[in-house]
Amino acid sequence: MNTANIKKYAPKARQDFIAAMTKQAALYGVTAKGCEPMEIRGDLALIGSRTFPKAISRARDALVKRIEQIGFAQTMEQAAYSWFNRLCAIRYMEIHGYLDHGRRVLSTASGEAGTPQILDDCLDIELPGLDRAKVADLKLDGTQDEALYRELLLAQCHALHEAMPFLFEELDDATELLLPDNLTKTDSLIRALVSAIPEEDWQDVEIIGWLYQFYISEKKDQVIGKVVKSEDIPAATQLFTPNWIVQYLVQNSVGRQWLQTYPDSPLKDQMPYYIAPGEQPAEVQAKLDAVTPESIDPESIKVLDPACGSGHILVEAYKLLKSIYEERGYRTRDIPRMILNHNLFGLDIDDRAGQLAGFALMMLARQDDRRLFSRVASGDVSLNVLSLQETGHLDMNQLWRSLNLGGEWQQGSSQSLFESEQADLSSAKADNRYQLLERTLARFSEAKTFGSLIEVPAEDAEPLKELLDKLTQLAKEGDSMQKPAALQLFPHVQQAWVLAQRYDAVIANPPYMGGKGMNAQLKDWAKKSYPDSKSDLFAIFIERGFELLNPFGFNAMVTMQSWMFLSSYEKLRMKILTESSIECMAHMANMVMGIAFGTAATVCRKGGHTETKGAYCYVEYEDIGDDDRPVSFPPLNERNLKAAKQASS
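Here the residue index of a chain counts from 1 through its sequence in written order. Residues qualify for local features only when their pLDDT is at least 70, as the model is predicted, and side-chain atom pairs are given and counted only at 80 or more; totals for whole chains, interfaces and linings, by contrast, use all residues. For side-chain calculations, the full set of non-hydrogen atoms in the structure is used, while hydrogens and water are omitted.

Student: Is there a simple way to think about the packing of helix α1 (residues 4-27) against helix α3 (residues 72-96) in this case?
Tutor: The description of two packed helices rests on the angle between their axes and on the distance between the axes. With their axes 8 Å apart at the nearest point, α1 and α3 run at an angle of 120° to one another. Relative to α3, α1 is oriented oblique. Note on packing geometry: the crossing formed by α1 with α3 is right-handed. On α3, the residues touching Tyr9, Ala13, Arg14, Phe17, Ile18, Met21, Thr22 and Ala25 of α1 are Phe72, Met76, Glu77, Ala79, Ala80, Trp83, Phe84 and Leu87. The convention used is that axes are lines fitted to C-alpha atoms, helices contributing only their stretch in contact, and that angles between N-to-C directions extend from 0 to 180 degrees. Secondary structure is summarised from DSSP: a helix means a run of H or I of at least four residues, a strand means a run of E of at least two, and numbering begins at the N terminus for each. Roughly parallel means an angle under 35 degrees; roughly antiparallel, over 145; roughly perpendicular, 65 to 115; everything else is oblique. The crossing is said to be left-handed when, going from far helix to near helix, the turn is anticlockwise and less than a right angle, and right-handed when the turn is clockwise. Throughout, a residue-residue contact means that at least one pair of heavy atoms, one from each residue, lies within 4.5 Å.

What follows is the structure, encoded as structure tokens:
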């Protein structure tokens, strides 16, 4: 993919979106300096000398409250990215024909920047919650295109919430209030998006990751090399992984597992970066034969990316798993449900990255199942890709009372919660589910700092799944108190369940951050929990990857090369060499990944024979001046990799 247009557009888009949100907030008397008083008079809201409909007062109050909680700059940053994210997602879907009504929302029918097709065809559009009478009135007026388009765009976002709530959250009042005016004008944010990136660049879902990579590039430059606050860790550590490296990792972990059981599988011909194991010593081969299952149920293969970013690794894993299902004769339309429900899991501390990863998988699945969105909305398909959420703000006892799992309190009643005999939680604390929930919430109080490094015991996996199923049921069928409590707890229980499971492959491009960049909390925790790899987050993730694996699972990561030779990683190296086998490695020179240091894509097998002869190659950098980016895998490198298929050590 030629990323020149994205690289030029996305950093400026961040500035433009933040400026637009800031301007819109100022319209309602909210600035970095403070908030003008608002007075309600009848059906009007007065802010300074400006008058607005009274209906905006709730949204304005919500905006002021959010600013009090997280600050003005952070509020504008969040709102800007929310709208950038949604508009990019809609642009991708309209180009690929994934919107149910079949019209383009951001561009003309032919895909150009201009009057959006949905505005021209608004009288024929049906969207949940869209007031058809109001649409007709605005259309017939002839002068209300801005107001009409705003109604249509918000209705489209509301409709997409049903299928992708992780990306199109329920638009709260504050976020809607900051949606800029003049959306149909020639200088609008929407026109700029449509004009800046040609349609051919939107053909691959990989564009979503590149948009995010360049969107945060300026923020990354601001925090890199400094002691990083928890909220800035994503920007400081995000690094987009070139596609060939992702394929190398996925094919030599998930693909290797499949081919060891089914060596004659046609899957081998679909994996250009797979390196077949060479001839092994007799004792190594004997152990390999002993641990290789006679058959594999595709639904049993579990893959985790514990630092999934925008989902590039999960996307490639989906493609490979799809081929595995097809080989076993599954119907194409059933495969997305199987993969999303059973096979793929992803976590990240960055809310925005988690949204994009989920979106990328949804788009792949939608290619194979036209009814995917409705299946997600109905609960038939679930997505196990999420951003980790903190729990410090949750009131455990109040939520437990609201769930009323044991039926101790009068159903649907709030009065009984304050009666002394019912407020006594002594019996509840003896309930295994209460204990499970209590210790689970305690683990994630600092989730944005520690992320997937938080340990959840494997023995909690089954009870967490049972609790998760119960919360799902209560969110749909519970009473007026159970439903909101279940919805609030669900993501926290789900992330614990993901970390409690054990996987056949853990694949990642983990965050790179040395001790100098860690804040005091993270640095102290690293020393205590991972003394052998504490010098950098990437090394800690290598260790963590082995902990998350099933016996004989694959740990496939692309990391800095320093773990191979620095004295500070000597104990980590010994642990890897004595407790696992290195199946293969592509050692890459400076700039191969577009960064000024060497890296290594390494696939290890937990519990593999220490005498295993792995395949190794050295990948050199060759700059051909295309788009100011190195070509990560020019012919010279390809020859090196092919040579590794015969090399052994």
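After that view, the rundown keeps rolling.
Student: Any chance you could explain the environment of leucine 314 here in plain terms?
Tutor: For leucine 314, the location among the structural elements is in helix α15 (residues 312-327). Per-residue accessibility, obtained with a 1.4 Å probe over protein chains only, is compared with the maximum for each type, and a residue is labelled buried under 20%, exposed over 50%, and partly exposed between these values. Owing to a relative accessible area of 0%, leucine 314 belongs among the buried residues under this scheme. Taking the C-alpha atoms as reference points, leucine 314 and glycine 358, separated by 44 residues in sequence, lie 9.3 Å from one another. Once residues lying within four places of it in the same chain are set aside, the contact partners of leucine 314 are Asp305, Cys308, Leu344, Phe345, Gly346, Leu361 and Val385.

Student: Help me understand the packing of aromatic side chains in this model?
Tutor: Note on aromatic pairs: each is described by the distance of the centres and the angle between the planes. Between 30 and 60 degrees the pair is tilted, below 30 it is stacked and above 60 it is edge-to-face, where a pair is any two Phe, Tyr or Trp rings, Trp via its six-membered ring, whose centres lie within 6.5 Å. All told, the structure shown has 20 aromatic pairs when counted by the stated rule. Relative to tyrosine 434, the ring of tryptophan 400 has its centre 5.3 Å away and its plane inclined at 90°; by these criteria the two rings are edge-to-face. Taken as a pair, tryptophan 400 in helix α19 (residues 396-403) and tyrosine 434 in helix α21 (residues 432-443) lie far apart in primary sequence, 34 residues in all. Classification of tryptophan 400 by relative accessible area gives buried; the value is 1%. Residue tyrosine 434 is classed as buried on the basis of its relative accessible area of 1%. Ring plane angle 55° and centroid distance 6.0 Å describe the contact between tyrosine 512 and phenylalanine 597, whose orientation is recorded as tilted. Within this pair, whereas tyrosine 512 is found in the loop between β9 (503-508) and α25 (520-529), its partner phenylalanine 597 is found in the loop between β11 (580-588) and β12 (599-606), the two being separated by 85 residues in sequence. We classify tyrosine 512 as buried; its relative accessible area is 14%. Among the aromatic residues, those joined into a ring-pair cluster are Tyr9, Phe17, Tyr81, Phe84, Tyr212 and Tyr215. Two thresholds decide whether a charge sits over a ring: the Lys NZ or Arg CZ must be within 6 Å of the ring centre and within 35 degrees of the ring normal. Geometry around tryptophan 83 places arginine 86 over its ring, the cationic atom sitting 5.1 Å from the centre.

Student: Could you clarify how one ought to interpret the sheet that holds strand β5 (residues 50-53) in this entry?
Tutor: Strand-to-strand pairing in sheets goes through backbone hydrogen bonds, with the strands running parallel or antiparallel. An order of β3-β4-β5 is seen for the three strands of this open sheet, with the pairing classed as antiparallel. What marks the edges here is a single partner per strand, and that holds for β3 (38-41) and β5. Taken pair by pair, the neighbouring strands of this sheet meet at an average axis angle of 30°, ignoring direction. Strands pair, by our definition, only if DSSP identifies at least two bridges between them. Across four bridges, strand β4 (residues 44-47) lies against β5 in antiparallel orientation. Residue pairing across strands places leucine 46 opposite threonine 51, the latter belonging to β5.

Student: Looking at this model, I keep getting lost on the packing of α15 against helix α17 (residues 351-368). Mind explaining?
Tutor: Relative orientation of the contacting elements α15 and α17 amounts to 25°, with a least axis distance of 9 Å. Classified by the angle between their axes, α15 and α17 sit roughly parallel to one another. The element α15 and its partner α17 pack so that their crossing is right-handed. Packed against α15, whose contacting residues are Leu314, Val315, Tyr318, Lys319 and Lys322, the element α17 presents Ala360, Leu361, Leu364, Ala365 and Asp368 at the interface. For this scheme, ten residues count as nonpolar: Ala, Val, Leu, Ile, Met, Phe, Trp, Tyr, Cys and Pro. Four count as charged, namely Asp, Glu, Lys and Arg, and the remainder, Gly too, count as polar. Of the residues assigned to the contact of α15 with α17, the class counts are seven nonpolar, no polar and three charged.

Student: Quick question: what am I supposed to make of the side chain of asparagine 555 here?
Tutor: Tracing the sequence through the fold places asparagine 555 in strand β10 (residues 549-560). The class of asparagine 555 is buried, set by a relative accessible area of 3%. We define a polar contact as two N or O atoms separated by no more than 3.5 Å, with the added condition that, inside protein, one atom must be a possible hydrogen donor and the other a possible acceptor, whereas residues neighbouring each other in sequence contribute only through side-chain atom pairs. At a separation of 3.0 Å, a polar atom in the side chain of asparagine 555 contacts the main-chain carbonyl oxygen of isoleucine 542. Aside from chain neighbours lying at most four places away, what touches asparagine 555 is Val506, Ile542, Gly545, Phe546, Leu549, Thr602, Val603 and Cys604.

Student: How do you make sense of the sheet that holds strand β8 (residues 385-387) when you look at a structure like this?
Tutor: Here eight strands make up an open sheet; going across it, the order is β8-β7-β6-β9-β10-β12-β11-β13 and the pairing mixed. One side of each edge strand has no neighbouring strand; the edge strands of this open sheet are β8 and β13 (615-619). Taken over all neighbouring pairs, the strand axes of this sheet differ in orientation by 15° on average, direction set aside.

Student: Just checking my understanding: could you explain the nonpolar core for this structure?
Tutor: Soluble, globular proteins show a tendency: their nonpolar side chains are buried together. Counting 211 residues, the largest nonpolar core has Phe17, Met93, Leu106, Leu153, Met164 and Met363 as its most contacted members. The biggest single contributor to this core is α3, with 14 residues. Discounting residues that sit within four places of it in the chain, methionine 363 has contacts with Tyr92, Met93, Tyr98, Met164, Val205 and Phe373. Take the buried residues of types Ala, Val, Leu, Ile, Met, Phe, Trp, Tyr and Cys, join any two whose side-chain atoms come within 4.5 Å, and each joined set is a nonpolar core.

Student: Could you clarify how one ought to interpret the pattern of salt bridges in this entry?
Tutor: If charged atoms from side chains of opposite charge come close, those side chains can pair. In the sections that follow, a salt bridge refers to a side-chain nitrogen of Lys or Arg positioned within 4 Å of a carboxyl oxygen of Asp or Glu. In total, this model carries 27 salt bridges according to the counting rule given. In this structure, arginine 50 and glutamate 36 form a salt bridge, with 3.1 Å as the shortest nitrogen-oxygen distance. Here glutamate 36 lies in the loop between β2 (34-35) and β3 and arginine 50 lies in strand β5, a separation of 14 residues in the sequence. Between arginine 256 and glutamate 583 there is a salt bridge whose closest N-O contact spans 3.7 Å. You can see arginine 256 sitting in helix α13 (residues 254-261) and its partner glutamate 583 sitting in strand β11, a full 327 residues away along the chain. Here arginine 256 and glutamate 583 have matching classes, each one buried.

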